[in-house]
Each structure stands twice: as structure tokens, then as C-alpha cells.
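Now for the letters of each chain:
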Amino acid sequence: MNDLSIQTIENVTYDELAVGQSSRMVRTLTLSDIQAFAAVSGDFNPTHVDAEFAVQTLFHGVVAHGMWGATLISSLLGTQFPGAGTVYVDQSLHFALPVRVGDTLTAIVTITGKDDNSKRVALDCQVVNQNGGIVLSGSAVVLAPTQKVRRKAINPPEVRTFDPQARFDALLSSVSHLAAVRCAVVHPCDSESLKGALNAAHFNLIKPVLIAPEAKLRAVAEGAGLDLNGAEIISVEHSVAAAARAAEMAANGEVEAMMKGSLHTDELMSAVVTTRALRTKRRLSHVFRFDVPMYDRPLLITDAAINIKPTLEEKADIIQNAIHLAHALGNERPNVAILSAVETVNVKMQSTLDAAALCKMADRGQIKGGVLDGPLAFDNAISMEAARIKGIESSVSGNADILAVPDLESGNMLAKQLEYLAGATTCGIVMGARIPIALTSRADSANARVASAALALLMAHRNRKVQP
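Reading the values: the criteria
- Residues numbered from 1 in each chain as written.
- Predicted model: local features only at pLDDT ≥ 70, side-chain atom pairs only at ≥ 80, totals over all residues.
- Heavy atoms only, no water.
- Helix = DSSP H or I, 4+ residues; strand = E, 2+ residues; numbered from the N terminus.
- Buried < 20%, exposed > 50% of the residue type's maximum accessible area, 1.4 Å probe, protein only.
- Contact = heavy atoms within 4.5 Å.
- Areas by Shrake-Rupley, 256 points an atom, 1.4 Å probe, with all protein chains shown as cover.
- Lys, Arg positive; Asp, Glu negative; His and termini not counted.
- Charge placed at Lys NZ, Arg CZ, Asp CG, Glu CD.
- Patch = residues over 30% accessible without salt bridge, like charges linked within 9 Å, V, L, I, M, F, W, Y side chains within 5 Å.
- Salt bridge = Lys/Arg side-chain N within 4 Å of Asp/Glu carboxyl O.
- Pairing = 2+ DSSP bridges.
- Axes fitted to C-alpha atoms, helices over the stretch in contact; angles between N-to-C directions.
- Phe/Tyr/Trp six-rings, centres within 6.5 Å; stacked < 30°, edge-to-face > 60°.
- Parallel < 35°, antiparallel > 145°, perpendicular 65-115°, else oblique.
- Left-handed = near helix turned anticlockwise from the far one by under 90°.
- Nonpolar A, V, L, I, M, F, W, Y, C, P; charged D, E, K, R; others polar.

Re the overall build of the protein
A tally of helices and strands in the protein yields 15 helices and 18 strands. If you line up the protein on its principal axes, its C-alpha atoms span 90 × 55 × 35 Å. The burial tally for the protein puts 51% of its 468 residues in the buried class. For the protein, contacts bridging at least 24 residues in sequence account for 71% of all contacts bridging at least 6. For the protein, the accessible area works out to roughly 21400 Å², and carbon and sulfur atoms hold 51% of it. Across the protein, the 42 positively charged side chains and the 47 negatively charged ones have centroids separated by 3 Å.

Here it is in C-alpha cells:
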């Protein structure tokens, strides 16, 4: 019973029940199920609701509350078999396997005994996953209804519990132990970019150096009601000059991070690329970090902002950069899904050939620190159920931490769809340079810029450990 919109409830009376009779109910676990269960039960164990904590546990990711599986048995007994009028008397359970987002569970109850005097019915109970593994098992005793009930079902509204502020707070909390770093904020000449920089300073993420035409900067601050008292300002003529000055400061070690303001990405990155002291052996690439309402963990997407049509060699660097960010975020071995339109190699689709080659490069140690699989279509990458239906056996499918897109166009469209249609919250950072660069869209909110500053802070402190 995958469809929860039940039209009619009809019970099975005691007299209609027989030993050996059974019934079943099927449910696929979603992130919303976990969040709703936590909200109702008050059980906010981080193993179930905090992806950054959960990835470090023995389960290596968010898992459902054990009692969520038990509620399937309760639902089956209360709505189907015996159904309306059933009263719980006893329940014993043994929990055997964890349940993850995307797992499809089948609850099965089978009558093992009846007592005509008390109208009690004993049942064997099992919940199995899509692989046939027994998630939990036990027995139940119920008082079965004696009168027939047939009535219209009352279906409750869908519960949505995504809390973007909580996700934002969790990210900031994860870097609260790190000291703020000096950061060049490049041309923050609109209200959101300036507010983002000042808020990042308020949260002790950065010590901002505002590089922009001073008169324009102060006019923006006055119009937005922002206080620039005490702010360090370097006045330049225009946005191109701001980018050049920021790159020069970074090359001289005067700042440990950069932050994009209201200028074009090309203007900022051109200054970085032409400053040899900021380059490394690795290709520069951008990584988005998303919190998606329907996904159980932070999702990294790369590259959707810098590399337009990357070569195979460049894709290897792009993936390695994203893996390094995942490591910094506490995921020691992230799952990398290399996306295409299909999940099989097709000689007419270069992205599938690249995906296969990248996986072999990982096997040979040319890409390190993650588990790669591809080509994978988007549904296979994020849905275990979709992978099961298509017969894909992969530890990455349904558990992807990083989505490596074929090119900038597809990545940019995917990123904006998640933000504007799926309600995801985002931040972003440029990897592969000597310093981290917090980089968001000019249309992004101040919070997105603050979150990006948190990523930059994290990477700046990591760079202190690996660079002389």
C-alpha cells in the first residue's frame, strides 16, 4: 500500500479472522518522515536529524528512528488488519537493521492464534526492507473488533518539517570553534552582499576588508540602514580594480580568504587566475553546498559556476576539490555520483564515457578520498528506490554526498531548480586556489553569503595546516 490516500476504511472482524491469515503494508521512507517523527515524538537524537553528526556514526549517515518501523505495524493493525476498532494489548519487538532514506519497507502481520472468549488475536510481526532483510520482528496481541466498520477515511495533511534556519545555525555552529580570518570582500555594492559581509563579521567568521568605490559603498550602507563604523575600507575606482586589489592582497598574504560581492563572477575569477601566486597545480572549481528539504544530508554540487565544458582531466580536479571540501565538512569518505542523462555507458554521450573513466581513475588512485560511481542519472543518484527499480547495485545510489555534473549549464540549472523549486538553501565556495573564495550568485540572500563565509573559514584554517 504505497498510496497513503486511502479512500475507505473497512475492518476485518474477529469472526472473519483465521489462523494463518496475513496482511501487509508498504512504505518508502523519506526525510520528511524522519523529521515529522522527531517533531511528534520529541526524539531529536542527532543520529536521526543531524546529517553532519550522523555521517560520523557507525551508520555513516542519517537513519530512521527504530520505532518508525514499528509504527508501520501499528498502522497496519489499526487501519487494515483487523482495522477500525482494534485495541492494542501487547507488542514485543527486536530491531535488527537500520533504515535509511529511500528504503522501502514492507510490514507483514500473520495471525498465530485466537481466543474466542476474550476476542484476543495473537500475531507474528515482521518488517523487511527492499533487499529482503529483516529490519525488525516480534509479536503482537490485539483485541479484534466484533462489529463491521466501513467508512470514509480521513487523510491527514502532508507534514513538512524542513527548517532552513536550523540548518543554517547548525553550519555556523560547526565552525564556531575557529577564529575569524581576514577576508577581502570584493565590491559589496548592493544591500545583500554588504549585509552578508557585515553579518559574517557579526558571527565571527571573517574580519572583512571592504574593497569598493567608497562613496558608492557608503551610499549602499545608508540606503540599507547598515553601520560601517569601524569597518576597514579600501577605496578603488570600480569592480575590476576591486578584484585586482583583492587578488594582490591574497597573494601577499594580507588576507586568508576572499568573498564575492555584487560584481560578475568572471571579473573576480579573472583577477584570481591571472595572479600566479594564487594558483595551485589543481584546476579552480566551484562547489555548491545545498540543504535540500527532501534529502537527508548536505549535498555538494560541482561545477556549476566556473568551468563551462570541462575536459576529463579537469573533471578529475573538480571532483577532487569537492572531495576535499567534504573532508573539511567532516565526511571522511564521501559518495560521489557522476551525473549524466542515463546510467549506462553510451559512446554517443561523452558524459557517460567521462564518468566511466573517472571511476577507473579513482580505482587507480588518481582521485582519492571518495567513493565514485557513474554514469548515474539524477534519480539513481539520490533515490535508492529509483536505483532498485532500474536494477542498479551501487553504494552511491540514494546515498550521494557529491553530484558531479557534466558541464556548467546542466549544473547551474540543477542548482537553481533545487533553490527555487525545491526550497533548498545554498552556499558556495571556489576550491583549488591558494585561498578559499566565498562565491554565490548576485541574487543570493545575505544568509547564503554568511554560510559561504563559513565554508571559507573552514577551508582557510585547513589551508594553514597543509601550506607552508
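On we go from here.
A look at a nonpolar patch on the surface
A surface patch of nonpolar side chains, amounting to about 190 Å² of accessible area, comprises Val87, Val89 and Leu143. Relative to the helices and strands, Val89 resides in strand β3 (residues 87–95). Residue Val89 is classed as partly exposed on the basis of its relative accessible area of 34%.

Observations concerning the pairing of strand β4 (residues 104–115)
The pairing of strand β2 (residues 22–28) with β4 spans seven bridges and is antiparallel. Bridge pairing in β4 links Ser23 to Val109. Two strands pair when backbone bridges link them, and β4 and strand β5 (residues 120–128) are joined in this way by nine bridges, in the antiparallel orientation. Paired with Ile111 across the two strands is Leu123, which belongs to β5.

What about the pattern of salt bridges?
Within this structure, the stated rule accounts for 17 salt bridges. Two residues, Arg150 and Glu10, come together in a salt bridge whose shortest N-O distance is 2.9 Å. Here Arg150, found in strand β7 (residues 150–152), pairs with Glu10, found in strand β1 (residues 8–10); they are 140 residues apart in sequence, far enough to count as distant. Here Arg150 falls in the exposed class, since its relative accessible area comes to 55%. Here the salt bridges share partners, and the residues they tie into one network are Glu10, Glu16, Lys148 and Arg150.

Here we look at the sheet that holds strand β15 (residues 371–376)
Backbone-to-backbone hydrogen bonds join strands into a sheet, with any given pair of strands oriented parallel or antiparallel. Read across the open sheet, the 11 strands follow the order β10-β9-β8-β11-β18-β17-β12-β13-β16-β14-β15; overall the sheet is mixed. Two strands close off the open sheet at either side, each with one partner strand: β10 (232–235) and β15. Judged from the three bridges that link them, strand β14 (residues 335–339) and strand β16 (residues 402–404) form a sheet pairing that is parallel. Its bridge partner lying in β16, Ala337 is registered against Leu403. Lying on the sheet, helix α9 (residues 265–273) is in contact with β8 (181–186), β11 (257–260), β17 (425–431) and β18 (437–438); it crosses β11 at an angle near 160°.

Quick notes on the packing of aromatic side chains
Each aromatic ring pair is specified by the distance between its two centres and by the angle formed by the two planes. On inspection of all chains with the given rule, the structure shows two aromatic pairs. When the ring of Phe168 is compared with that of Phe203, the centres are 6.2 Å apart and the planes differ by 75°; the resulting orientation is edge-to-face. Of the two residues, Phe168 is situated in helix α5 (residues 164–174) and Phe203 in the loop between α6 (191–202) and β9 (206–212); the sequence distance between them amounts to 35 residues. For Phe168, a relative accessible area of 10% translates into the label buried.

Brief notes about the environment of Gly261
Of note, Gly261 is situated in the loop between β11 and α9. Given a relative accessible area of 0%, Gly261 falls into the buried group. Along the chain, Gly261 and Glu248 lie 13 residues apart, while their C-alpha atoms are 17 Å from each other. Residues within four places of Gly261 in sequence aside, it is in contact with Val186, His187, Pro188, Ser193, Arg442 and Arg449.

Notes on the packing of helix α10 (residues 312–328) against helix α11 (residues 350–363)
In contact at an axis separation of 10 Å, α10 and α11 are set at 55° when each is read in the N-to-C sense. Considering their axes alone, α10 and α11 lie oblique with respect to each other. The interaxial crossing formed by α10 with α11 has right-handed handedness. The residues of α11 that touch α10, namely those facing Leu312, Lys315, Ala316 and Ile319, are Ser351, Asp354, Ala357, Leu358 and Met361. Per-class residue counts for the contact of α10 with α11 are six nonpolar, one polar and two charged.

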